[in-house]
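Below are the chains, spelled out letter by letter.
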Amino acid sequence: MQIEFKAIKRVEQGTGASRRLRRAGQIPGIIYGSGEAQAISLDHNELYHLLRKEAFHASVLSIELDGAKQPVVLRDAQWHPFRQQVLHLDFQRIDASQKMHLKVPLHFVNGDLSPAVKLGGCMISHTVTETDIECLPGNLPEFLEVDLKGLEAGQSIHLSQISLPVGVEVVHHGEGDPVVATALIVKGGAAEEEEGTAAA
């Protein structure tokens, strides 16, 4: 289900205008990409609740502006340092025929079924919780699943081992193959006891 919300074109710009908008329960924002940048304002309460949903950060969204809907993705959200207040939102227009880059969350499943936990008494450490992907907007997944079912004590799962949906590629910056999850042997755990027995 696509997330839809409304925005209003914003004429007045600058710090003073933004402050007035926020006092009136609105959020200043901008839509850019493939065309002219458009300053907008949005309802704070509506967007505050949408921002709490994981899918809002990794989905193609639909903004209704002047009666016309535009497909966009969220690029940046600025928050007040200590208040529960959104200060500014950046959205980017997308083209269905153009590949896009976006961060998507990783969902770790079957951790309780892994031999590392069931037999080894290990703890599973999630070293990465999101990753950059490239795909067409129509192929954008809300998340990538990391299956921990086969993870043994002392082993790790790397980025290259994640099953990707059709048309989705991982974009990795830097060298090597990053670890996304590791089975850490806990002091006094079954795996450590076995090691101690073997060494004796």
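Conventions and cut-offs
- Residues numbered from 1 in each chain as written.
- Predicted model: local features only at pLDDT ≥ 70, side-chain atom pairs only at ≥ 80, totals over all residues.
- Heavy atoms only, no water.
- Pairing = 2+ DSSP bridges.
- Helix = DSSP H or I, 4+ residues; strand = E, 2+ residues; numbered from the N terminus.
- Salt bridge = Lys/Arg side-chain N within 4 Å of Asp/Glu carboxyl O.
- Buried < 20%, exposed > 50% of the residue type's maximum accessible area, 1.4 Å probe, protein only.
- Phe/Tyr/Trp six-rings, centres within 6.5 Å; stacked < 30°, edge-to-face > 60°.

Caption draft 1: Summary view of the sheet that holds strand 9 (residues 130–135). Taken in spatial order, the four strands line up as 10-7-9-12 in an open sheet, and their pairing is mixed. Two strands lie at the open edges of the sheet, namely strand 10 (144–147) and strand 12 (169–170), each paired on one side alone. Bridging between strand 7 (residues 100–109) and strand 10 involves four bridges; their strand directions are parallel. Its bridge partner lying in strand 10, Phe108 is registered against Val146.

Caption draft 2: Just the pattern of salt bridges, in detail. Inspection of the entire model under this criterion finds four salt bridges. For Asp66, the salt bridge is made with Lys9, and the minimal N-O distance between the two is 3.2 Å. A residue pair is termed long-range when its members are at least 10 positions apart, and Asp66 in the loop between strand 4 (61–65) and strand 5 (68–79) and Lys9 in strand 1 (residues 4–9) qualify at 57 residues. The partly exposed category is assigned to Lys9, whose relative accessible area is 42%.

Caption draft 3: View of the environment of Ile31. Structurally, Ile31 can be placed in strand 2 (residues 26–32). According to the relative accessible area criterion, Ile31 is buried, its value standing at 0%. Taking the C-alpha atoms as reference points, Ile31 and Gln92, 61 residues apart in sequence, are found 5.5 Å from one another.

Caption draft 4: Region of interest: unusual backbone geometry. The phi dihedral of Ser34 falls on the positive side, at around 40°, and the residue is not glycine. At Asn110, a residue that is not glycine, the phi angle is positive and equals roughly 65°. Following the sequence through the fold, Asn110 ends up in the loop between strand 7 and helix 3 (115–118). Residue classification places Asn110 among the partly exposed positions, given a relative accessible area of 27%.

Caption draft 5: Structural context of the packing of aromatic side chains. The full count for this structure, using the stated rule, is three aromatic pairs. Ring plane angle 40° and centroid distance 5.6 Å describe the contact between Phe5 and Phe91, whose orientation is recorded as tilted. Of this pair, Phe5 sits in strand 1 while Phe91 sits in strand 6 (residues 86–93), and the two are 86 residues apart along the sequence. Pair check on accessibility: Phe5 and Phe91 agree, each one buried.

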